[in-house]
Amino acid sequence: MTAAADDVRHNLAAQRARLVAACRAAGRPDDAAALLAVSKTHPADAVRAAYAAGQRAFGENRVQELAAKAQELADLPGLQWHVIGSLQTNKVRDLLAVPGLALVHSLDRSKLADELQRECARQGRTLDVLLQVHATDESTKHGCPPEQAAALLDHVRARCPALAVVGLMAMGPLAGDPAPTFAAVAALRDRLRAATGLPLPTLSLGMSGDLEPAVAAGSTMVRIGTAVFGARG
């Protein structure tokens with residue numbers, strides 16, 4: 001393996017250990033939160049290195065980059081691709097052509113839900129999605145305002161039978177303590193559970209810099225890029 005591949009393997013092991021430690025510190029089972037390796041802007045060889053170290057789930061921001069990587073890595077069985085970036089409706093058809101697409105983290109508006117529904121119906125498939133919640137006041141972030149999440153969930157349930165909402169995704173603040181933000185998203189998930197009866201098992205919270213408070217708040221999936229692959233390519 002190349003030195004770069006060795007670095008990825010070492011980093012991945014370190015982040016897995018960090019995640020287990022965070023789960024234990026929060027009084028949760030060791031496997032309560034999964035690691036999503038965010039490979040955006042990194043080459044396909046970096047994904048191969050992480051795959052060789054046992055990683056199977058990878059997150060990408062842009063559909064074009066995801067489609068190219070998925071094609072280049074088509075020889076790797078069991079790859080799971082997650083879309084974590086803001087998604088334009090005109091990219092939906094290209095996205096749903098990607099083999100191994102497992103989860104869309106960034107459903108934030110009814111128009112996007114309707115387009116995903118149309119393309120899923122055309123293909124005769126279903127798709128797991130997360131509602132992306134804009135949990136901070138920062139204009140650089142995307143997502144559905146928390147007070148509109150219930151209405152968006154109702155829309156998906158009523159109008160988009162091919163979409164299965166399995167939880168929520170949110171980003172913490174750029175500065176300051178992320179714990180209150182994560183706790184608010186977890187509480188919103190609990191309210192939506194109570195209102196709908198849906199299990200909503202997935203909370204996609206936390207990245208390289210705020211993994212521990214995210215796990216303490218109940219995250220079931222942390223999105224780790226820099227700490228696995230290094231600075232963005």
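Residues numbered from 1 in each chain as written. Predicted model: local features only at pLDDT ≥ 70, side-chain atom pairs only at ≥ 80, totals over all residues. Heavy atoms only, no water.

**Some words on the environment of Asp108**
Phase 1: Following the sequence through the fold, Asp108 ends up in the loop between strand S4 (101-107) and helix H5 (110-123).
Phase 2: By relative accessible area, Asp108 is classed as buried at 13%.
Phase 3: Considering only alpha carbons, one finds Asp108 and Gln148, 40 residues apart in sequence, at a separation of 9.6 Å.
Phase 4: Aside from chain neighbours lying at most four places away, what touches Asp108 is Gln132, His142, Gly143, Cys144 and Leu152. (Helix = DSSP H or I, 4+ residues; strand = E, 2+ residues; numbered from the N terminus. Buried < 20%, exposed > 50% of the residue type's maximum accessible area, 1.4 Å probe, protein only. Contact = heavy atoms within 4.5 Å.)

**Here's the deal with the packing of helix H6 (residues 149-159) against helix H7 (residues 179-196)**
Phase 1: Contact pair H6 / H7: the axes reach a minimum separation of 11 Å and the direction vectors enclose 45 degrees. As judged from the angle between their axes, H6 and H7 are oblique. The two elements H6 and H7 meet at a crossing, and its hand is right-handed. Contacts between H6 and H7 involve Ala149, Ala150, Leu153 and Arg157 from the former and Leu188, Leu192 and Thr196 from the latter.
Phase 2: When the residues that make up the contact of H6 with H7 are grouped by side-chain class, the tally is 5 nonpolar, 1 polar and 1 charged. (Axes fitted to C-alpha atoms, helices over the stretch in contact; angles between N-to-C directions. Parallel < 35°, antiparallel > 145°, perpendicular 65-115°, else oblique. Left-handed = near helix turned anticlockwise from the far one by under 90°. Nonpolar A, V, L, I, M, F, W, Y, C, P; charged D, E, K, R; others polar.)

**Remarks on the pattern of salt bridges**
Phase 1: Across all of its chains, the model carries 13 salt bridges by this definition.
Phase 2: For Glu60, the salt bridge goes to Lys69, with nearest N and O atoms at 2.7 Å. One exposure class covers both Glu60 and Lys69, and it is buried.
Phase 3: With its nearest N and O atoms 2.7 Å apart, the salt bridge here joins Asp108 to Arg109.
Phase 4: Residue classification places Arg109 among the partly exposed positions, given a relative accessible area of 29%. (Salt bridge = Lys/Arg side-chain N within 4 Å of Asp/Glu carboxyl O.)

**Quick notes on the packing of H5 against H6**
When two helices pack together, their arrangement is given by the angle between the helix axes and the distance between those axes.
Phase 1: Here H5 crosses H6 at 25 degrees, and the two axes come no closer than 10 Å. On the basis of their axis angle, the class for H5 and H6 is roughly parallel. Helix-helix and strand crossings are classified by hand; for H5 and H6 the assignment is right-handed. Where H5 abuts H6, its residues Ser110, Ala113, Asp114 and Gln117 lie against Leu152, His155, Val156 and Arg159.
Phase 2: For the contact of H5 with H6, the per-class residue count stands at 3 nonpolar, 3 polar and 2 charged.

**Focus: the pairing of strand S6 (residues 163-170)**
Phase 1: Counting buried positions along S6 gives 7 out of 8 residues, so the element sits mostly inside the fold.
Phase 2: For the crossover that starts at strand S5 (residues 127-133), traverses H6 and ends in the parallel S6, the hand is right-handed.
Phase 3: Of the strand pairs in this sheet, S6 and strand S7 (residues 202-204) are connected by 3 bridges, and their pairing is parallel. Note on S7: the bridge partner recorded for Gly167 is Thr202.
Phase 4: Since S6 and S7 lie parallel, the crossover through H7 that links them has a hand, and here it is right-handed. (Right-handed = clockwise from strand over helix to strand, strands pointing away. Pairing = 2+ DSSP bridges.)

**Considerations on the nonpolar core**
Phase 1: By size, the foremost hydrophobic cluster in this structure holds 68 residues, and its most contacted members are Trp81, Leu107, Leu127 and Leu163.
Phase 2: Setting aside anything within four residues of it in sequence, one finds Leu107 in contact with Leu112, Ala113, Leu116, Val129, Leu130, Leu131, Gln132, Leu152, Val156 and Leu163.
Phase 3: Judged by nonpolar contacts, the second largest core, of 9 residues, contains Ala57, Leu130, Met169 and Met221. (Core = buried A, V, L, I, M, F, W, Y, C linked by side-chain atoms within 4.5 Å.)

**Re the pairing of strand S1 (residues 34-38)**
Phase 1: Most of S1 sits out of view: 4 of its 5 residues are buried.
Phase 2: In this structure, S1 lies alongside strand S8 (residues 221-224), joined through 4 bridges in parallel fashion. Bridging from a neighbouring strand, Leu36 pairs with Arg223 of S8.
Phase 3: Pairing between S1 and strand S2 (residues 57-60): 2 bridges, direction parallel. Its bridge partner being in S2, Ala37 is matched across the sheet by Phe58.

**Some thoughts on the side chain of His134**
Phase 1: Locating His134 in the fold gives a position in the loop between S5 and H6.
Phase 2: Look past the residues within four positions of His134 in its chain and what remains in contact with it is Lys141, His142, Gly143, Cys144 and Pro146.

**Quick word on H5**
Phase 1: Spanning 14 residues, H5 covers 20 Å between terminal C-alpha atoms, matching the ideal 20 Å at 1.5 Å per step.
Phase 2: For H5, the set of buried residues is Leu112, Ala113, Asp114, Leu116, Gln117, Glu119 and Cys120.
Phase 3: In this structure, the buried side of H5 is in contact with helix H4 (92-96), S4, S5, H6 and S6.
Phase 4: A positive phi of about 70 degrees marks Gly124, the residue just after H5. (Expected span 1.5 Å × (residues − 1).)

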